[in-house]
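Structure at a glance
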Amino acid sequence: MLSKEQVSPYLQKLEPEPTGLRPSCEPKENIRCILFDIYGTLFISATGDIGLLQADTVKRQLLQDLLKDFGLETTATRLIESLTVEIKKIHAQKKAQGVDYPEVNITDVWCKILNKVKELTLAQIEDFAIRFELIVNPVYPMPGLEDCLRWCEKNQKLMGIVSNAQFYTPLLFSWFLNAAPHQLGFRENLLFYSYEHKVAKPSSMLFEKATRILQKEGIENGQVAYLGNDMLKDMLPAKRAGFQTALFAGDSRSLRLRKDVPDCQGLVPDMIITHLNQLTNW
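In what follows, the accompanying structure is described. Along each chain, residues carry numbers from 1 onward, in the same order as the chain's sequence is written. Local features in this predicted model are restricted to residues whose pLDDT is 70 or higher, and side-chain atom pairs enter the listing and the counts only when it is 80 or higher, whereas totals over whole chains, interfaces and linings include all residues. Side-chain calculation: all heavy atoms of the structure are included, whereas hydrogens and water are not.

It is worth spelling out the pattern of salt bridges at this point. Any Lys or Arg side-chain nitrogen located within 4 Å of an Asp or Glu carboxyl oxygen qualifies as a salt bridge. One pass over the structure, following the stated rule, counts 12 salt bridges. A salt bridge links E86 to K112, with the nearest nitrogen and oxygen atoms 3.5 Å apart. Highlighted residues: E86 in helix α3 (residues 76–96) and K112 in helix α4 (residues 106–114), separated in sequence by 26 residues. Accessibility here uses a 1.4 Å probe with only protein chains present; expressed as a share of the type maximum, an area under 20% marks a residue as buried, one over 50% as exposed, and anything in between as partly exposed. By relative accessible area, K112 is classed as partly exposed at 45%. With a closest N to O distance of 2.5 Å, D234 and K201 form a salt bridge. Taken as a pair, D234 in helix α10 (residues 231–240) and K201 in the loop between α8 (194–197) and α9 (205–216) lie far apart in primary sequence, 33 residues in all. Only runs of H or I of at least four residues qualify as helices and only runs of E of at least two qualify as strands under DSSP, and these elements are numbered from the N terminus.

Dropping the structure here:
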């Protein structure tokens, strides 16, 4: 897997953009466990619609350079088209099998796409996937991240992750904080990444799995807070699970209020967090 030194050319500093929302940080009852989303919550995520890459000359050039480095005789445009088609195909197949919100394993997707152009090893495909992701979706720790995790651990708040993610997502912690999630205080049995379960938020599956584990720990649903930036993918399933809901509104690029989504109309988060240091009020 790529080291921090190997990915450093792709790691650029990002600053959050204010949302204008006011924080409201008072929990309804004592919080014993905090479950986190990752992209747009713990890490700034500057991604957008992958189709918009066609107009982003800088990223297109970086992708062309990436293809050249791996000896792949294709174009960034064809690559993006192939990726979009393959993901839509897998989603359609899984939905036909009854999966409400399917998730792909991006390694499998890239294997199908890249091996049509050139035979690569699994390690090479994973390296390519990481570099592609960091070009398309630049990320950087949200301000206060390390202090927030340290406070949670010090104050014995059980920590977990429920996030739409791929194999490279947990590596963000190692690259930026020099430690794996479990070394930063996250409980290993409370790490739920969508690619491992083949289902994505807003499906309730990952939240139900977390609930079962927490109940064995003697933690009631109302003593769990879920922090995420998306009303549909985060607040809705967390509310249905009976968790306290905390909308992270710390960056306008990733805040998703979903006012036009029927299921989100009338949905109000229990708390609004605009900076991670506000969790110290819990």
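Moving on, there is more to tell.
As a further point, take the sheet that holds strand β1 (residues 33–36). Strands pair in a sheet through their backbones, by hydrogen bonds, and they do so in one of two ways: parallel or antiparallel. Only strands that DSSP links by at least two bridges are regarded as paired with each other. Pairing within the open sheet is parallel, and its six strands lie in the order β5-β4-β1-β6-β7-β8. The open sheet terminates on both sides in strands that have one partner only, identified here as β5 (186–193) and β8 (271–273). Along the sheet, successive strands turn relative to each other by an average axial angle of 25°, direction set aside. Sheet analysis places strand β4 (residues 158–163) next to β5, joined by four bridges and oriented parallel. Within β5, the residue paired with V162 across the bridge is F192. The contact rule is simple, with two residues in contact once any of their heavy atoms fall within 4.5 Å. Simply put, an axis is a line fit to the C-alpha atoms, just over the touching stretch for a helix, and the angle between two N-to-C directions goes from 0 to 180 degrees. Against the sheet, α9 touches β1, β4, β5 and β6 (224–228), its axis set at about 160° to β5.

This brings us to the side chain of Q278. Counting through the fold element by element, Q278 comes out in the segment after β8. Every residue in contact with Q278, bar those within four places of it in the chain, is listed here: P23, C25, I272 and I273.

Another point: the nonpolar core. Remark: nonpolar core denotes a set of buried residues (Ala, Val, Leu, Ile, Met, Phe, Trp, Tyr, Cys) joined through side-chain atoms within 4.5 Å. Counting residues in each nonpolar core, the largest one holds 71 residues, and the members touching the most others are F36, W110, F128, F186 and W282. A per-element tally of this core places helix α5 (residues 122–136) first, with eight residues. Residues contacting W110, with those up to four places away along its chain left out, are L79, L83, N115, I125, F128, A129 and F132. Core analysis: the second largest hydrophobic core is formed by 28 residues, L35, L206, M235 and F243 among them.

Across the six residues of β4, six count as buried, placing the element largely inside the fold. Neither face of β4 is open: one carries L158, G160 and V162, the other M159, I161 and S163, and all of them are buried. Strand direction decides the pairing type here: β1 and β4, joined by four bridges, are parallel. Bridge pairing links F36 to I161 in β4. When the strands point away from the viewer and the connection leading from the first strand across the helix to the second strand turns clockwise, the crossover is called right-handed. As for the winding sense of the linkage, the β-α-β connection from β4 through helix α7 (residues 171–177) to β5 is right-handed.

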